[in-house]
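Listed below, chain by chain, are the residues.
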Amino acid sequence: MLIYIVAFKLIISLVLAVFNFRVNKNTIYLTGFLVAIALSGLLHYFAFMGDNESLMAVFNYHITPTYYLFGPFLFFYVRGTLTDRNKLSQKDYLHFIPAAFSFLSILPFYFKNWDYKLEVARKIIDRPEVLKVWNEGVLYPSYFNVIGRPMFFMIYLIATISLFLRYNRSLAKYTPISAQKTLIKRWLVWLISLSTLACASYFAGAIMFIFSDVVNKELVNSSPLGYLTGIFFLTIPLLILAFPPILYGIPIHKKGKRKNFEHKVDASDVYSFVGKSDDPFQQDAKYILDHIHEEKWYLDPDFNVDFVALKLDIPKHHIYYCFNYIIKSKFTKLRAQLRIAHAKALLEEQKNQNLSQEEMEAIALASGFGTLYRFISAFQEEEDTTPMEYVKKL
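Cut-offs applied
- Residues numbered from 1 in each chain as written.
- Predicted model: local features only at pLDDT ≥ 70, side-chain atom pairs only at ≥ 80, totals over all residues.
- Heavy atoms only, no water.
- Helix = DSSP H or I, 4+ residues; strand = E, 2+ residues; numbered from the N terminus.
- Buried < 20%, exposed > 50% of the residue type's maximum accessible area, 1.4 Å probe, protein only.
- Contact = heavy atoms within 4.5 Å.
- Core = buried A, V, L, I, M, F, W, Y, C linked by side-chain atoms within 4.5 Å.
- UniProt positions renumbered as here; feature names shortened; annotations may be inferred.
- Expected span 1.5 Å × (residues − 1).
- Axes fitted to C-alpha atoms, helices over the stretch in contact; angles between N-to-C directions.
- Left-handed = near helix turned anticlockwise from the far one by under 90°.
- Nonpolar A, V, L, I, M, F, W, Y, C, P; charged D, E, K, R; others polar.
- Parallel < 35°, antiparallel > 145°, perpendicular 65-115°, else oblique.
- Salt bridge = Lys/Arg side-chain N within 4 Å of Asp/Glu carboxyl O.

Focus: the overall build of the chain
Okay, so step 1: Counting secondary structure elements, the chain contains 18 helices and zero strands.
Okay, so step 2: The proportion of buried residues among the 394 residues of the chain is 47%.
Okay, so step 3: The contacts in the chain between residues at least 6 apart in sequence include a share of 74% that link residues at least 24 apart.

Considerations on the nonpolar core
Okay, so step 1: One finds Phe 33 and Trp 187 to be the most contacted residues of the largest nonpolar core, which totals 64 residues.
Okay, so step 2: Looking at this core, the elements that each hand over two or more residues are α2 (27–48), α3 (53–59), α4 (70–83), α5 (97–110), α6 (114–126), α7 (145–167), α8 (179–211) and α10 (224–242).
Okay, so step 3: What Phe 33 contacts, discounting residues up to four positions off in sequence, is Phe 70, Phe 73, Leu 74, Phe 153, Leu 191, Ser 195 and Ile 236.
Okay, so step 4: Of all hydrophobic cores here, the second largest spans 23 residues; its members include Tyr 298, Phe 303, Val 305 and Phe 307.

Focus: the UniProt feature "transmembrane region" (unreviewed entry) in the chain
Okay, so step 1: When the UniProt feature table is mapped to this numbering, "transmembrane region" (unreviewed entry) covers residues 6–23, 28–47, 59–80, 92–111, 147–167, 187–211 and 231–250.
Okay, so step 2: Counting secondary structure, residues 59–80 comes out at 55% helix and 0% strand; the distance between its end C-alpha atoms is 31 Å.
Okay, so step 3: A helix fraction of 100% and a strand fraction of 0% characterise residues 147–167, whose end C-alpha atoms lie 31 Å from each other.

Description of unusual backbone geometry
Okay, so step 1: Phi at Lys 296 takes a positive value of approximately 55°, unusual for a residue other than glycine.
Okay, so step 2: Tracing the backbone through its elements, the reader meets Lys 296 in the loop between α12 (282–295) and α13 (305–312).
Okay, so step 3: Judged by its relative accessible area of 42%, Lys 296 falls in the partly exposed class.
Okay, so step 4: Despite not being glycine, Asp 384 has its phi angle at roughly 60°, a positive value.
Okay, so step 5: Looking at the secondary structure, you find Asp 384 in the loop between α17 (372–383) and α18 (387–392).

What to know about α2
Okay, so step 1: Under the 1.5 Å per step criterion, the end-to-end length of α2 is 31 Å for 22 residues, consistent within 8% with the ideal 32 Å.
Okay, so step 2: Extensive coverage of α2 is indicated by the burial of 18 of its 22 residues.

Things to note about the environment of Leu 69
Okay, so step 1: Within the secondary structure, Leu 69 is located in the loop between α3 and α4.
Okay, so step 2: Taking the C-alpha atoms as reference points, Leu 69 and Phe 33, 36 residues apart in sequence, are found 7.1 Å from one another.
Okay, so step 3: Setting aside residues up to four positions removed in sequence, Leu 69 forms contacts with Phe 96 and Ala 99.

Re the environment of Val 130
Okay, so step 1: Relative to the helices and strands, Val 130 is located in the loop between α6 and α7.
Okay, so step 2: On the basis of relative accessible area, Val 130 is assigned to the buried category, the value being 8%.
Okay, so step 3: Each C-alpha atom of the pair Val 130 and Val 120 lies 9.3 Å from the other, and the pair is 10 residues apart in sequence.
Okay, so step 4: Discounting residues that sit within four places of it in the chain, Val 130 has contacts with Lys 123 and Ile 124.

Re the packing of helix α15 (residues 331–350) against helix α16 (residues 357–366)
Okay, so step 1: Where α15 meets α16, the closest approach of the two axes is 9 Å, and the angle between their N-to-C directions is 145°. In terms of crossing hand, the pair formed by α15 and α16 is right-handed. Facing His 342, Ala 343, Leu 346, Leu 347 and Gln 350 of α15, the residues of α16 in contact are Met 360, Ile 363 and Ala 366.
Okay, so step 2: The class makeup of the residues in the contact of α15 with α16 is six nonpolar, two polar and no charged.

Some remarks on the packing of α2 against α4
The description of two helices packed together rests on the angle between their axes and the distance between the axes.
Okay, so step 1: Interaxial distance between α2 and α4 falls to 8 Å at its minimum, and their mutual angle equals 155°. In terms of orientation, α2 and α4 fall into the roughly antiparallel class. In this structure, the crossing between α2 and α4 has a hand that is left-handed. Contacts from Tyr 29, Leu 30, Gly 32, Phe 33, Ala 36, Ile 37 and Ser 40 in α2 reach Phe 70, Phe 73, Leu 74, Phe 76 and Tyr 77 in α4.
Okay, so step 2: A per-class count over the contact of α2 with α4 returns 10 nonpolar, two polar and no charged.

So, the pattern of salt bridges
Okay, so step 1: A full pass over the atoms with the stated rule returns 10 salt bridges.
Okay, so step 2: Arg 122 is paired through a salt bridge with Asp 51; the nearest N and O atoms lie 3.2 Å apart. Residue Arg 122 is located in helix α6, and its partner Asp 51 is located in the loop between α2 and α3; the two are separated by 71 residues in the primary sequence.
Okay, so step 3: For Asp 51, a relative accessible area of 57% corresponds to the exposed category.
Okay, so step 4: The closest approach of N and O atoms between Glu 136 and Lys 112, which form a salt bridge, is 2.8 Å. With Glu 136 in the loop between α6 and α7 and Lys 112 in the loop between α5 and α6, this pair connects stretches of sequence that are 24 residues apart.
Okay, so step 5: Residue Glu 136 is classed as buried on the basis of its relative accessible area of 5%.
Okay, so step 6: Where salt bridges share partners, they join Asp 51, Glu 53, Arg 122 and Asp 126 into one cluster.

What follows is the structure in structure tokens.
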């Protein structure tokens, strides 16, 4: 049963990374944290519950460096959630030194022959206490990882808790007080609390494993401490199902029927929705619209959400939120209408009902469309007529 739960955790982690990375890159750290603890769970299963020496040989020692990524990934995720930033500074890469040090220490084991790895795996499966003395490390004894893994994780948890308490006041910057503040705090409290309980129980279990005279599979598998550790670690990915909005790092939309947006290009119509909003991101929405209209970014063929995020230094998930729930328009829809409005003005200036393909293509490019085909397609979708038919009606 445990193997299926751990596999589920890996699937959740990968889905989380694939579907949320483009919108909220901060989730990559949460994914890394979940993957690291899932790999650790698989190794525990093959060593203490399974009997497959091939799989044990695959996971044994090879994934040792991931033990030292639990803490950094959790720390980066919590910090990114609090500060709404996902980039790492040069100093942040120092957090990966323990993992790199572990990799270098165990590197020779990667190149040992398969038969030797199978032999080591069989010895561990038959007598798990071998882990207390067997050494494959070059820079330090590899059995130190038994106690070093939870110890390093605990150090980072202390730093993470300190970080959360220090940044707690910053959540109050969203005024009026919104549901997002409550959601973030509740999510992080649950995540940090479960991680702390899992680490503490795991740390206690590792100490008992190291200092016990007799260690066997039956004793480990029947240990209440082992059950608690497994429950705590396996509950962490399930939290995502209870807090799905947190994956996007955006405020919760107020309950109720969503108003339809007429998609008017006129700035006054667009701003009217923003003006009526009491959302804490209202000013961000107005700031985005101001720059789009004043700078006419939509005339650039490369104009997209990434373009806006880079220009204004606003997280992409905030931009999506502003368009969907405050501006009441899809980004691509408003972009197309602004471009078409510009193209219509150019067509009206021509006052020529016999525009050549080259002239029409020049108008398309000047309006921000990459190709004439895209221009005609978008124009027909919005105006229910082609550009040439529109010109003839002038």
